[in-house]
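# Structural overview for review
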Amino acid sequence: MSILHDLAATIEARKGADPDSSWTAKLLAKGPEKCAEKFGEEAIEAIIEATKGDQAKLTAEAADVLYHLLVMLAARDVALEDVLAELARRQGISGIAEKAARPKG
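Now for a look at the structure at hand. Predicted model only: the values in this text are computed from it and were never measured.

### A closer look at the overall build of the protein chain
Broken down by element type, the protein chain carries six helices and zero strands. Written out in order from the N terminus, the α and β elements of the protein chain read α-α-α-α-α-α. Referenced to the eigenvectors of the C-alpha coordinate spread, the extents of the protein chain come out at roughly 45 × 35 × 30 Å. Of all 105 residues assigned to the protein chain, the portion counted as buried reaches 25%. The contacts in the protein chain between residues at least 6 apart in sequence include a share of 55% that link residues at least 24 apart. Only carbon and sulfur atoms are counted for the fraction: they give 60% of the accessible area of the protein chain, which is about 7100 Å².

What follows is the structure, encoded as structure tokens:
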């Protein structure tokens, strides 16, 4: 998991960088909505590769999805640690039971 922590830290460090010098800074400068849009595009590309069955292309797209997820989270000031804590909270709980316990709405 340390590579995700390293990547999240790099993304945080790029928040104040010059958008002309960093793709991450350029995405963040466009705002949370654009970051979410880009994440969605990458997720769709990963889905397409998953249906094709090419492991190398799916691996590359999955890496793009993880990167853009972290950028999207950073754009809304959601820390990777908070997401990991939520996953830890859910560990050992049936997915069906966890979903049923969520607030409706």
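### Side note on the pattern of salt bridges
Where charged atoms from two side chains of opposite charge come close, those side chains can pair. Considering all chains together, one arrives at nine salt bridges under this definition. With a shortest N-O distance of 3.5 Å, E33 and R76 are connected by a salt bridge. With E33 in helix 3 (residues 32–52) and R76 in the loop between helix 4 (55–75) and helix 5 (80–90), the pair connects residues that are 43 residues apart, well separated along the chain. Residue class for E33 comes out exposed when judged on its relative accessible area of 55%. The partner of R89 in a salt bridge is E86, and the shortest N-O contact between them spans 2.6 Å. Residue R89 and its partner E86 are both found in helix 5; the two are separated by three residues, about one turn of the helix. On the basis of relative accessible area, R89 is assigned to the partly exposed category, the value being 47%. By relative accessible area, which is 29% here, E86 ends up partly exposed.

### Concerning the nonpolar core
In terms of nonpolar packing, the biggest core is built from 14 residues, with I11, L28, C35, L70, V71 and L80 touching the most fellow members. At the level of secondary structure, the elements contributing two or more residues to this core comprise helix 1 (2–14), helix 2 (23–29), helix 4 and helix 5. With sequence-adjacent residues up to four places away left out, I11 is seen in contact with T24, L28, Y67, L70, V71 and A74.

### Quick word on the environment of A60
Position of A60 relative to the elements: it lies in helix 4. Under the relative-accessibility criterion, A60 is labelled partly exposed at 42%. Along the sequence, A60 and E49 sit eleven residues apart, while their C-alpha atoms lie 9.5 Å from each other.

Cut-offs applied
Residues numbered from 1 in each chain as written. Predicted model: local features only at pLDDT ≥ 70, side-chain atom pairs only at ≥ 80, totals over all residues. Heavy atoms only, no water. Helix = DSSP H or I, 4+ residues; strand = E, 2+ residues; numbered from the N terminus. Buried < 20%, exposed > 50% of the residue type's maximum accessible area, 1.4 Å probe, protein only. Contact = heavy atoms within 4.5 Å. Areas by Shrake-Rupley, 256 points an atom, 1.4 Å probe, with all protein chains shown as cover. Salt bridge = Lys/Arg side-chain N within 4 Å of Asp/Glu carboxyl O. Core = buried A, V, L, I, M, F, W, Y, C linked by side-chain atoms within 4.5 Å.

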